[in-house]
Amino acid sequence: MKKKCENPNGLQNMATIVDSQTRKSVKFNSLEKAKLYLKSKGYRFRQAFNMKEDKAMLYQGKFGWVKISSSKDYLNKTSMEQGTVWNIIQM
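Let me begin by describing the structure that accompanies this report. Predicted model only: the values in this text are computed from it and were never measured.

The rules behind these values
- Residues numbered from 1 in each chain as written.
- Predicted model: local features only at pLDDT ≥ 70, side-chain atom pairs only at ≥ 80, totals over all residues.
- Heavy atoms only, no water.
- Helix = DSSP H or I, 4+ residues; strand = E, 2+ residues; numbered from the N terminus.
- Buried < 20%, exposed > 50% of the residue type's maximum accessible area, 1.4 Å probe, protein only.
- Contact = heavy atoms within 4.5 Å.
- Pairing = 2+ DSSP bridges.
- Axes fitted to C-alpha atoms, helices over the stretch in contact; angles between N-to-C directions.
- Core = buried A, V, L, I, M, F, W, Y, C linked by side-chain atoms within 4.5 Å.

### Section: the overall build of the protein
And step 1. Secondary structure assignment for the protein yields two helices and five strands.
And step 2. Each helix and strand of the protein, placed in order from N terminus to C terminus, yields the pattern α-β-α-β-β-β-β.
And step 3. Across the 91 residues that make up the protein, the buried fraction comes to 24%.
And step 4. Partitioning the contacts of the protein with sequence separation of at least 6, the portion at a separation of at least 24 is 33%.

The structure is reproduced here in structure tokens:
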């Protein structure tokens, strides 16, 4: 016979696991396109973190915080070209 979860954090942990599986990042090939996308969604720039080639920016909106970060990845799905891709991740 299975016992019911008595841990009060058990339900919160399960919600976090489900949320992390459904959260997807949005990718852009240029920083300007990413900024225009966030501006159209109502986000405002708050802070930037730059260290050599690693760049990240935080934006705040009515739905929470998002982070734009740069990474090296394939520019599109059909080619083997690699370059800087900007990822928007909701925090």
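### Considering the sheet that holds strand 2 (residues 44-51)
For sheets, the rule is that strands pair by backbone hydrogen bonds, running either parallel or antiparallel.
And step 1. Pairing in this open sheet of five strands is antiparallel, and the strands run 1-5-4-3-2 from one edge to the other. With one partner strand each, in any of the chains shown, strand 1 (26-28) and strand 2 form the two edges of the open sheet. The average angle at which neighbouring strand axes cross in this sheet is 25°, direction not considered.
And step 2. Direction of pairing for strand 4 (residues 64-74) relative to strand 5 (residues 82-90): antiparallel, over a ladder of nine bridges. When the sheet's bridge partners are listed, tyrosine 74 is paired in strand 5 with glutamine 82.

### So, the environment of alanine 48
And step 1. With respect to the element layout, alanine 48 can be found in strand 2.
And step 2. Ignoring any residue separated from it by four or fewer positions in sequence, one finds alanine 48 in contact with Ala56 and Met57.

### Looking at the nonpolar core
And step 1. Phe28, Leu31, Ala34, Leu38, Tyr43, Met57, Tyr59, Val66, Ile68, Trp86 and Ile88 together form the largest nonpolar core, which totals 11 residues.
And step 2. Going through the elements one at a time, helix 2 (31-41), strand 3 (54-61), strand 4 and strand 5 are the ones with two or more residues in this core.
And step 3. When residues of this core are assigned to their parent elements, the largest contribution, three residues, is made by helix 2.
And step 4. Discounting residues that sit within four places of it in the chain, phenylalanine 28 has contacts with Lys33, Ala34, Tyr37, Val85, Trp86 and Ile88.

### Considering the pairing of strand 5
And step 1. Where strand 1 and strand 5 come together, three bridges link them in antiparallel fashion. Among the inter-strand pairings, lysine 27 is bridged to a residue of strand 5, identified as asparagine 87.

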